[in-house]
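Chain by chain, the residues:
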Amino acid sequence: PSYDFHARMGMLGANPSPARFYASRILWDEAMANLALKYLSETQNDKMTMVMLEGADHVKYRRGTVGRIERLAKYMGKQDFKVKSVLLNPSAVDTLQ
């Protein structure tokens, strides 16, 4: 549904394609996750909390930024790093049920 919405709104340029849309979303989520984890790692404060406000497509199913932060944290040896997400006002298409 997200691709269709963005294409209808003309937000994907003159030649939209699902493949390019998906690739750009992956890159965007990886960048957000990397920068968030980098910032938290550089603060040297184990008790720090970060709140990220992002659209539903970046959190649902843990395949967006949330899942990527978890994966990167483990890769960096931060086994006790915790990530929580809250999906506000989800529709049926936004859930696994």
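Refer to the structure printed above.
So, how was this worked out
Residues numbered from 1 in each chain as written. Predicted model: local features only at pLDDT ≥ 70, side-chain atom pairs only at ≥ 80, totals over all residues. Heavy atoms only, no water. Core = buried A, V, L, I, M, F, W, Y, C linked by side-chain atoms within 4.5 Å. Buried < 20%, exposed > 50% of the residue type's maximum accessible area, 1.4 Å probe, protein only. Helix = DSSP H or I, 4+ residues; strand = E, 2+ residues; numbered from the N terminus. Patch = residues over 30% accessible without salt bridge, like charges linked within 9 Å, V, L, I, M, F, W, Y side chains within 5 Å. Areas by Shrake-Rupley, 256 points an atom, 1.4 Å probe, with all protein chains shown as cover. Salt bridge = Lys/Arg side-chain N within 4 Å of Asp/Glu carboxyl O. Expected span 1.5 Å × (residues − 1). Contact = heavy atoms within 4.5 Å.

## Structural notes on the nonpolar core
Alright, step 1. Judged by nonpolar contacts, A33, A36, L37, V59, V66, I69, L72, A73 and V83 together constitute the single largest core of 9 residues.
Alright, step 2. Contributing elements (two or more residues each) for this core: helix 2 (18–42) and helix 3 (65–75).
Alright, step 3. Looking at this core, the element that brings in the most residues is helix 3, giving 4 residues.

## Structural notes on a nonpolar patch on the surface
Alright, step 1. A grouping of Y39, M48, M50 and M52 is seen on the molecular surface, where their side chains present a nonpolar patch of about 330 Å² in accessible area.
Alright, step 2. Relative to the elements of secondary structure, M48 occurs in the loop between helix 2 and helix 3.
Alright, step 3. When its relative accessible area of 31% is taken as the criterion, M48 is described as partly exposed.

## What to know about helix 2
Alright, step 1. Here helix 2 spans 36 Å end to end across 25 residues, near enough to the 36 Å set by a 1.5 Å rise per residue.
Alright, step 2. What helix 2 keeps buried is the set F21, R25, D29, A33, A36, L37, L40 and S41.
Alright, step 3. Among the structural elements, helix 1 (2–8) and helix 3 are those in contact with the buried residues of helix 2.
Alright, step 4. Q44, located one to two residues past helix 2, shows a positive phi value of around 55°.

## Some points on the pattern of salt bridges
Alright, step 1. Applying the stated rule across the entire model yields 3 salt bridges.
Alright, step 2. Here R25 makes a salt bridge to D57, at a shortest N to O gap of 3.2 Å. Here R25 is found in helix 2, whereas its partner D57 is found in the loop between helix 2 and helix 3, with 32 residues between them in sequence.
Alright, step 3. With a relative accessible area of 14%, R25 lands in the buried category.
Alright, step 4. Here the salt bridges do not stand alone but share partners, grouping E30, R68 and R71 into one network.

## Things to note about the environment of E70
Alright, step 1. By the secondary structure assignment, E70 is in helix 3.
Alright, step 2. Look at E70 and you get partly exposed, because its relative accessible area is 26%.
Alright, step 3. Distance in space between the C-alpha atoms of E70 and L37 is 9.3 Å, their sequence separation being 33 residues.
Alright, step 4. In contact with E70, not counting residues within four places along its chain, are R62 and V83.

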